[in-house]
Amino acid sequence: RQQQRQLVIGISQLGDADAWRKEMKAEMDRELVFNPDLRIIYRQAGYNSQTQVQQIRELVKKKIDLLIVSPNEASPLTPIIDSVYKSGIPVITVDRNINSGSYTSFIGADNIEVGRLAGTYAADFLGQKGSIIEITGLQSSTPARQREKGFADAMAAFPQINVQVIRGDWLEGSVQQQLPALTDQLRNTQLIFAHNDVMANTAATICRQLGFPGIRIIGVDAQPGTGLTFVEHKTLLASVLYPTGGGEAIRAAARILHKQEVPKRDFLRTIIVDSTNVVMLQQQFNKVIAQQKDIVRQDLLLKSQAKTFRTQKNLIGVLLGT
Ligand code: FRU
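What counts and what doesn't
- Residues numbered from 1 in each chain as written.
- Predicted model: local features only at pLDDT ≥ 70, side-chain atom pairs only at ≥ 80, totals over all residues.
- Heavy atoms only, no water.
- Pairing = 2+ DSSP bridges.
- Helix = DSSP H or I, 4+ residues; strand = E, 2+ residues; numbered from the N terminus.
- Axes fitted to C-alpha atoms, helices over the stretch in contact; angles between N-to-C directions.
- Contact = heavy atoms within 4.5 Å.
- Parallel < 35°, antiparallel > 145°, perpendicular 65-115°, else oblique.
- Left-handed = near helix turned anticlockwise from the far one by under 90°.
- Nonpolar A, V, L, I, M, F, W, Y, C, P; charged D, E, K, R; others polar.
- Polar contact = N/O pair within 3.5 Å; in protein donor to acceptor, adjacent residues only side chain to side chain.

(A) Spatial organisation of the sheet that holds strand E7 (residues 161-167). If you walk across this open sheet you meet the 6 strands as E7-E6-E8-E9-E10-E12, and the pairing is mixed. Strands with a single pairing partner mark the edges of an open sheet, and in this sheet they are E7 and strand E12 (272-274). Across the sheet, the mean angle from the axis of one strand to that of its neighbour is 20°, orientation sign disregarded. The sheet contact formed by strand E10 (residues 238-241) and E12 spans 3 bridges and is antiparallel. Looking at the pairing, Val 240 lines up with Ile 272 of E12. Packed onto the sheet, helix H5 (residues 142-155) meets strand E6 (130-136), E7, strand E8 (191-194) and strand E9 (216-221) and runs at close to 165° relative to E6.

Put into structure tokens, the structure is as follows:
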């Protein structure tokens, strides 16, 4: 009997050393349990755009049926993703995007909305006046540009709030290098908005070390174990929930590969998490994680039973000489 060919999804992740991207991969793996006809080839590029371009070329050589990609930077990744898409391989972009429309579906939260939510919350907290330092993500990546735009859009309504922007790169080193040099400005700063929880948490540590424990900090991501815990412990004033889209990406891939429709853009939900809703959110996350672990356990059990069954069948075959 001929086995049905598994469809192959190439996954090009820009890097996976941080907790948020580990969570994205875990969500993908959990969703794959429901799709035994799909197989993945996974590559992570260590946060390097050239490496990522190279890895996408190699994935294409392996004859993938679909590409899921979270592109490190928009400009360096656009040409290769353009060419993959134009060659007829469906492309799903997740979280970060490219400069062209060469993708079948984009999955992620609306980052302009993320910036806007943070801005409105900050203005409200400050009573519409004061000084803010904004620490951006990597400028060449789309979420940083869009979060900055959304934040600026919100701030336009509050002329008595002054915002100083410093350029981070999503990682803690960029904050460690720049923030201590701004001690004078920090004296007059009431709030910091950092584009992710990694940089927000680093900013909190530095503010404490420099003697400014009163500066309140807002981050983005709000994932269990990191951002949610920082908000729960009041290290952060708030964080904007930024779902990873890992599960949704696999579901969209399955639909595309089974010739079903998908929207060009699928915006995931985002909300502000602060002390008023953090515990409820954590409980919801815990419930989902427990259910998913259960599903994975049952899947393993079924596979091991199937294996036992095959072994027994073979054994019987040997005994009967068939
Ligand atoms: C993880 C991360 C997140 C951020 C996202 C933006 O690598 O830096 O913290 O929200 O990427 O693309």
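(B) Region of interest: the packing of helix H4 (residues 111-125) against H5. Running from N to C, H4 and H5 point in directions that differ by 40°, and their axes come no closer than 6 Å. Accordingly, the angle class assigned to the pair H4 and H5 is oblique. Helix-helix and strand crossings are classified by hand; for H4 and H5 the assignment is right-handed. When H4 is examined against H5, the residues Asn 111, Ile 112, Val 114, Gly 115, Arg 116, Ala 118, Gly 119, Thr 120, Ala 122 and Ala 123 are found in contact with a partner set consisting of Pro 143, Gln 146, Arg 147, Lys 149, Gly 150, Phe 151, Asp 153, Ala 154 and Met 155. Partitioning the contact of H4 with H5 into residue classes produces 9 nonpolar, 6 polar and 4 charged.

(C) Region of interest: the side chain of Ser 102. By the element assignment, Ser 102 lies in the loop between strand E4 (91-94) and strand E5 (105-109). Within polar-contact distance, the side chain of Ser 102 engages the side chain of Asp 82 at 2.3 Å. In this view, Ser 102 contacts Ile 81, Asp 82, Tyr 85, Lys 86 and Val 91; residues no more than four positions away in its chain are not counted.

(D) Up close: the sheet that holds strand E3 (residues 66-70). Across the sheet, which stays open at both edges, the 6 strands sit in the order E2-E1-E3-E4-E5-E11 with parallel pairing between neighbours. Every other strand in the sheet has two partners, leaving strand E2 (38-44) and strand E11 (265-268) as the edge strands with one partner each. The sheet shows a mean angle of 15° between the axes of neighbouring strands, direction not considered. The sheet contacts of helix H1 (residues 19-32) involve strand E1 (7-13), E2, E3 and E4, and relative to E2 the element is tilted by about 170°. Lying on the sheet, helix H10 (residues 246-257) is in contact with E1, E2, E3, E4, E5 and E11; it crosses E3 at an angle near 155°.

(E) The arrangement of the packing of H1 against H10 in detail. At a minimum axis separation of 7 Å, H1 and H10 run at an interaxial angle of 40°. Comparing the axis directions of H1 and H10 gives the class oblique. By crossing handedness, the relation of H1 to H10 is classed as right-handed. On H10, the residues that touch Met 24, Glu 27, Met 28, Glu 31 and Leu 32 of H1 are Gly 246, Gly 247, Ala 249, Ile 250 and Arg 251. A per-class count over the contact of H1 with H10 returns 5 nonpolar, 2 polar and 3 charged.

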